[in-house]
Amino acid sequence: MTLEAAHLGRPRTRAGAQWWTLTGRGISSMVRNGEIIFAFVAPVLLAICFYVPLRSIMNADPGMDYADFLMPIISLQSVSFVASSAAMRSAVDATKGINTRFRTLPMPPVIPPLARMGTNTVLLVISIVCATATSLVMGWRPNGGVLDTIGLFAVVLVVGILIAVLADAVGLLSNSPEATSQALSLPILILGMLSTGFVPESQFPEWIQPFVRNQPISQFATAMRSLSDGTATLDLLTPTIWWCVGLAVAGGVLTALGVRRVVR
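Residues numbered from 1 in each chain as written. Predicted model: local features only at pLDDT ≥ 70, side-chain atom pairs only at ≥ 80, totals over all residues. Heavy atoms only, no water.

Turning our eyes to something else, we now look at the packing of aromatic side chains. A full pass over the atoms with the stated rule returns six aromatic pairs. A centroid spacing of 4.9 Å and a plane angle of 50° characterise the contact between Phe38 and Phe81, whose relative ring orientation is tilted. Here Phe38, found in helix H3 (residues 35-58), pairs with Phe81, found in helix H4 (residues 66-95); they are 43 residues apart in sequence, far enough to count as distant. When its relative accessible area of 14% is taken as the criterion, Phe81 is described as buried. Ring pairing ties together the aromatic residues Tyr51, Tyr66 and Phe69, which thus form one cluster. Residue placement shows Arg225 over the ring face of Phe69; its charged tip is 3.7 Å from the ring centre. (Phe/Tyr/Trp six-rings, centres within 6.5 Å; stacked < 30°, edge-to-face > 60°. Helix = DSSP H or I, 4+ residues; strand = E, 2+ residues; numbered from the N terminus. Buried < 20%, exposed > 50% of the residue type's maximum accessible area, 1.4 Å probe, protein only. Lys NZ or Arg CZ within 6 Å of the ring centre and 35° of its normal.)

Inspection of the secondary structure assignment puts Gln215 in the loop between helix H9 (209-214) and helix H10 (216-229). For Gln215, the contacting residues outside a window of four places in its chain are Leu191, Leu194, Ser195 and Trp243. (Contact = heavy atoms within 4.5 Å.)

Moving on to the nonpolar core. Grouped together as the largest cluster of nonpolar side chains are 47 residues, with contacts concentrated most on Tyr66, Leu70, Ile74 and Leu76. Going through the elements one at a time, H3, H4, helix H6 (111-138), helix H7 (146-173), helix H8 (177-193), H10 and helix H11 (234-263) are the ones with two or more residues in this core. Other than its neighbours up to four places away in sequence, Ile74 contacts Pro43, Leu46, Ala47, Ala131, Ser135 and Met138. If you look at the next biggest cluster of nonpolar residues, it comprises five residues, including Leu22, Phe102, Met107 and Ile111. (Core = buried A, V, L, I, M, F, W, Y, C linked by side-chain atoms within 4.5 Å.)

Our next topic: a nonpolar patch on the surface. Among the surface-exposed residues, Ile37, Phe38, Phe40, Val41, Val44, Leu45, Ile48 and Val52 lie close enough to one another that they form a single nonpolar patch of about 730 Å² accessible area. Relative to the helices and strands, Val41 resides in helix H3. Judged by relative accessible area, Val41 falls into the partly exposed class, the value being 34%. (Patch = residues over 30% accessible without salt bridge, like charges linked within 9 Å, V, L, I, M, F, W, Y side chains within 5 Å. Areas by Shrake-Rupley, 256 points an atom, 1.4 Å probe, with all protein chains shown as cover. Salt bridge = Lys/Arg side-chain N within 4 Å of Asp/Glu carboxyl O.)

Let us look at the layout of surface pockets. Its volume calculated, the largest pocket comes out at about 380 Å³. Put simply, the parts of the chain that give the lining of the largest pocket at least two residues each are H4, H7, H8, H10 and H11. No other element matches H4, which puts six residues into the lining of the largest pocket. Put simply, the second largest pocket is a space of about 320 Å³. Ser29, Asn33, Arg89, Val92 and Asp93 are, among the 17 residues lining the second largest pocket, the residues nearest its centre. (1 Å grid on protein atoms, 1.4 Å probe; cavity = no way out; pocket = protein on both sides within 12 Å on 5 of 7 lines; lining within 4 Å. Points joined across faces, edges and corners; volume = space filled by probe spheres on them.)

Turning next to H3. Compared with an ideal rise of 1.5 Å per residue, which puts 24 residues at 34 Å, H3 spans 32 Å between its outermost C-alpha atoms and is within 8% of the ideal. Every buried residue of H3 is listed here: Glu35, Ala39, Ala42, Pro43, Leu46, Ala47, Phe50, Tyr51 and Met58. (Expected span 1.5 Å × (residues − 1).)

One can describe the packing of H6 onto H7 by two numbers: an axis separation of 10 Å at closest approach and a directional angle of 140°. On the basis of their axis angle, the class for H6 and H7 is oblique. When the axes of H6 and H7 are compared, the crossing they make is right-handed. Where H6 approaches H7, its residues Arg116, Met117, Asn120, Thr121, Leu124, Val125, Ile128 and Thr132 are matched on the opposing element by Phe153, Val156, Leu157, Gly160, Ile161, Ala164, Val165, Asp168 and Leu172. (Axes fitted to C-alpha atoms, helices over the stretch in contact; angles between N-to-C directions. Parallel < 35°, antiparallel > 145°, perpendicular 65-115°, else oblique. Left-handed = near helix turned anticlockwise from the far one by under 90°.)

Okay, the pattern of salt bridges next. Scanning the model with the defined rule gives three salt bridges in all. Residue Arg116 pairs with Asp168 through a salt bridge whose shortest N-O separation is 2.6 Å. Here Arg116 is found in helix H6, whereas its partner Asp168 is found in helix H7, with 52 residues between them in sequence. Exposure class is identical for Arg116 and Asp168. Each is buried. The partner of Glu201 in a salt bridge is Arg213, with the nearest N and O atoms 2.4 Å apart. Highlighted residues: Glu201 in the loop between H8 and H9 and Arg213 in helix H9, separated in sequence by twelve residues. Overall, the relative accessible area of 22% leaves Glu201 in the partly exposed class. The partly exposed category is assigned to Arg213, whose relative accessible area is 36%.

Spatial relationships are all this shows, so hold off on functional conclusions.
This is the structure we're talking about:
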């Protein structure tokens, strides 16, 4: 058999079909594992734990509507859940030899990460919808224009995708799914509590206020609030833009390292 005949006899595979198949595999696994259920439950639990006990205290401050104030962190905490799931998903693929099996197939090495990104994006959209529904039940309403509201959800969607890509890369480089999940959950938890997501900056001790004000979750929450109430300016959005650039660079570098490790 000639080389040309062998080539013609080999089954053709398309990258798009491969991506679609692996994304469907990830979504099916996500449904079986109950991740969608937790995406519904997580924002509700967050609202119960913070909005219900603190509402009367926070609303006592002039001009404070705690439902409006809390909306960004409920969405961002939903993003953190997606990040933990993304890291666990890629770490499991790495430790169970699934990536090694993919290497034996006529598949570009970027397809598995892109498929996991597709799965993570689906979970992210579901989580954002659930967080938004919870915020609406609490009493949050967007007071900006149409473009402001679009920008609000664009921020949380972009931040969520970038953090999911970064988490996926960390999981790809890790040898332990459990350790990966814990390593991501702890920094996210600390940053969330030491942010302006739950209480204003003035409620923190003066010595830690600069960190609270400038760390990424606080900047994301500030940008989202300004878009929600229609007071967004370029100065308010610039820190969020730069943090997104940093996340994109870090995620791209770590993903490249992870893919390089898999193909070796």
